[in-house]
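Analysis of the macromolecular model
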Amino acid sequence: MKTTPPQRPARDDTAPVRPVRLTAGPLLLAVSVLLVVMLLGMTIGPAGLPVRGVLVELVGHVPGVDVAGGLDEQDTAVLWELRVPRVVLGMMVGGMLAIAGAGYQGVFRNPLADPYLLGVAAGAGLGATFAIVSGTDRAFVPLFAFTGGLAGVAATYALGRSAGGRSVNSLILAGVAVSAFFAAIQTYVNQRNSDSLREVYGWILGRLLTAGWDEVLTILPYVAVATAVIFGHRRLLDVLSVGQDEAGSLGVPAARVRLLVVLAATLGTAAAVAVSGLIGFVGIVVPHIVRMLTGTSYRIILPLSALLGAAFLVAADLAARTLISPGELPVGVLTAFIGAPFFTLVLRSTRRSW
Amino acid sequence: MSALAVGRLDVTLLGRRVLGDVDLAVPSGSWVTLVGPNGAGKSTLLKAVAGAVEHAGSIGLDEVSLDGMRSRERARQVAFVPQEPTRPDGMNVVDYVLLGRTPYVPYFAVESASDVAVVEELLDTLELRELADRPVTSLSGGEFQRAVLARALAQQAPLLLLDEPTSSLDLGHAQQVLELVDELRVDRGLTVVSALHDLTTAGQFADRLVLLVDGEVVAEGPVREVLTEKLISAHYGAAVRVVHDADGGVVVVPVRERTARLTKRTDGA
């Protein structure tokens, strides 16, 4: 802690006063990390692509730039139909989960809040299970998962309202009850259909299997809207850090802020879960690491969480598909496997209270 | 003209009637202090005016009803300094004071240059500029109370409510904070309503006192009429002597009745 003796002012009295903002240093660092991870994700794989060729090919797609001949025809197809969509999907899902986690932690003022808090995961899992068990075309699994996720949150919200009005804790407890209930149904359904167990299990553990751009385009509108709404609340999330009563006396419609942020985070999460399965730990670990390393303002936490959540998931996915190549590990296993120890390390070394 | 007009205010919390039929008129630009024993309803009355407690009855400011006003509009009319303000982890003084600009910042936006200018002026007035970059968690009690005042003043509301603003301060800092409030009240034409438990201090810094007991107003008026030995011993269950000093001030001194009894017994032996 700094002490400021009155004889020697700590700051120049003429220095301009500025609201908290994201400074260039951490921003550039996060962007660089993301760019490096993206490049690795695009080049490494069963068919290794040359880094230089990929770069030339990418630059060639910038409007107004005319360079050609980076890659041959087959490599170009691998890049644009396999690698780039997968990296982009990983960025969207990872960034979305991290922002949603930060948003939940902000409105609930609870460090344990994560994107799956209010029954999204259990609902989506149940939806996907039904789709897979009933033999529905696999293309419809995301739709079932999305619908199930929204149903889970709606059930949580209705139960929370009927139990305890607008209290935060009643909402969280309702989420626990709904999750347990949905999980019970899902377990029963799986028990009765053990032949599809492996497929359901694989979906639940999370994976970024893509073929082309369909998944990216499917979730793009949800992720864009959810991200915009949560970012719009970056200042109000800071105001909420003084507690709901004080925020109310400062003119914050706290109930509306909570509803909007929760809706946006849930919608984005449901969309991400629908195409990727239940990838755990990103939403809880990334915002906390950002918070511990840089600051507690959501003007810093949200953008850095988006960038680093994106980088984290692309990196985890890269590891998932190369470690036991040609096989593939569920990426959700890796996010927890890498994330948990790293999280513990940061937690121990900073010791900042939440 | 009365700035704040509270009529037949009733508050029930958890089945208990905390305030009953309270009427209160606070003239514009004056300082009215609520006194009364613990649990009398002083804080609840302030919170009701701030819009933080559900209530029956009417609350108006300059003939305009505050009830049904959107929280944002209300926060431009009423600034509230709570008894124990939260110190948000990791937030520095500038950003803490900027929180007071919330009712002026559009919903999805952040502070504008004019918001920053308002805060800069307040940092100078309240001698907080040196502390501007310090986290609020590192401030002393007196420093933090100045920051809380600055945040409330940043709301630029004509009515300032203070709930026990000196409860965590020593004597010297308590006086400094209250003097500061009085200066700001005169300079900016603010109307101040405060709750204070120290009766002598309450008498020194208010134009009028309101004595609340069990959620009802039992006495109201100039300091000398409310701070009487009779009223205080009746409602506080305390033994006090009220001393009037030469400057027209009132000093409430607790006395220990037991001492008198002991002396008597010694005499008899």
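Because the structure is a prediction, the values reported are computed rather than measured.

1. Considerations on the overall build of chain B
When its secondary structure is counted, chain B shows 10 helices and 12 strands. Over its C-alpha atoms, taken along the principal directions, chain B stretches across nearly 80 × 40 × 35 Å. In chain B, which comprises 269 residues, the proportion classed as buried is 43%. Taking as baseline every contact in chain B between residues at least 6 positions apart, the subset at least 24 positions apart corresponds to 64%.

2. A look at helix α4 (residues 120-133) of chain A
Residues and elements named next belong to chain A. End to end, α4 covers 20 Å across 14 residues, agreeing with the expected 20 Å (1.5 Å per residue, within 8%). In terms of residue burial, α4 counts as a mostly covered element, since 12 of its 14 residues are buried. For α4, the set of buried residues is Val120, Ala121, Ala122, Gly123, Ala124, Gly125, Leu126, Gly127, Ala128, Thr129, Ala131 and Ile132. Phi for Gly135, located one or two positions after α4, is positive at around 75°.

3. Some words on the sheet that holds strand β8 (residues 191-195) of chain B
All names here are of chain B. Spatially, β6-β7-β8-β3-β9-β10 is the arrangement adopted by the six strands of the open sheet, whose pairing is mixed. Lying at the two open borders of the sheet, with one neighbouring strand each, are β6 (78-81) and β10 (216-222). If you compare each strand with its neighbour and ignore which way they point, the axes differ by 15° on average. In the packing of helix α1 (residues 42-50) onto the sheet, the strands contacted are β3 (31-35), β6, β7 (159-163), β8 and β9 (208-213), and the crossing angle to β7 comes to about 150°.

4. Thoughts on the interface of chain A and chain B
Facing 27 residues of chain A, the contacting portion of chain B comprises 35 residues. At the level of secondary structure, the elements contributing two or more residues to the side of chain A that touches chain B comprise α9 (234-239) and α10 (244-249) of chain A. At four residues, α10(A) tops the list of elements feeding residues into the side of chain A that touches chain B. Of the residues assigned to the side of chain A that touches chain B, the class counts are 11 nonpolar, 10 polar and six charged.

5. Quick notes on unusual backbone geometry
Apart from glycine, the bulk of residues carry a negative phi angle, and the bulk of peptide bonds sit in the trans form. Residues and elements named next belong to chain B. With a phi close to 45°, Arg8 is a non-glycine residue in the positive phi region. Mapping Arg8 onto the fold places it in strand β1 (residues 2-13). Accessibility expressed as a C-beta count within 10 Å gives 12 for Arg8, which makes it exposed. For Gln156, which is not glycine, the phi dihedral falls at a positive 50°. Counting through the fold element by element, Gln156 comes out in the loop between α5 (141-154) and β7.

6. Here's the deal with the nonpolar core
Formed by 188 residues in total, the largest nonpolar core has its most connected members in Val314(A), Val49(B), Val78(B), Val97(B), Ala150(B) and Leu161(B). Setting aside anything within four residues of it in sequence, one finds Val78(B) in contact with Val49(B), Ala50(B), Leu66(B), Ala157(B), Leu159(B) and Leu161(B).

7. Digging into the UniProt feature "domain: ABC transporter" (unreviewed entry) in chain B
Residues given the UniProt feature "domain: ABC transporter" (unreviewed entry) here are residues 4-239 of chain B. Taken end to end, residues 4-239 of chain B is 36% helix and 26% strand, and its first and last C-alpha atoms sit 34 Å apart.

8. Overview of the packing of helix α4 (residues 113-125) of chain B against α5(B)
All names here are of chain B. Two elements in contact, α4 and α5, have axes separated by 10 Å at closest approach and are oriented at 140°. Of the two possible hands of crossing, α4 and α5 adopt the one that is right-handed. Where α4 abuts α5, its residues Val118, Val119, Leu122 and Leu123 lie against Ala150, Leu153 and Ala154. For the contact of α4 with α5, a count of residues per class yields seven nonpolar, no polar and no charged.

9. Re the pairing of β8(B)
Residues and elements named next belong to chain B. For β8, the tally of buried residues reaches five of five residues, placing the bulk of the element in the interior. Sheet topology places β7 next to β8; five bridges connect them, and they run parallel. Counted as the bridge partner of Leu160 is Val192 from β8.

Conventions we followed
- Residues numbered from 1 in each chain as written.
- Chains lettered and ligands numbered in written order.
- Predicted model: local features only at pLDDT ≥ 70, side-chain atom pairs only at ≥ 80, totals over all residues.
- Helix = DSSP H or I, 4+ residues; strand = E, 2+ residues; numbered from the N terminus.
- Buried ≥ 20, exposed ≤ 12 C-beta atoms within 10 Å, placed from the backbone.
- Contact = placed C-beta atoms within 7 Å.
- Expected span 1.5 Å × (residues − 1).
- Pairing = 2+ DSSP bridges.
- Axes fitted to C-alpha atoms, helices over the stretch in contact; angles between N-to-C directions.
- Nonpolar A, V, L, I, M, F, W, Y, C, P; charged D, E, K, R; others polar.
- Core = buried A, V, L, I, M, F, W, Y, C linked by C-beta atoms within 7 Å.
- UniProt positions renumbered as here; feature names shortened; annotations may be inferred.
- Left-handed = near helix turned anticlockwise from the far one by under 90°.

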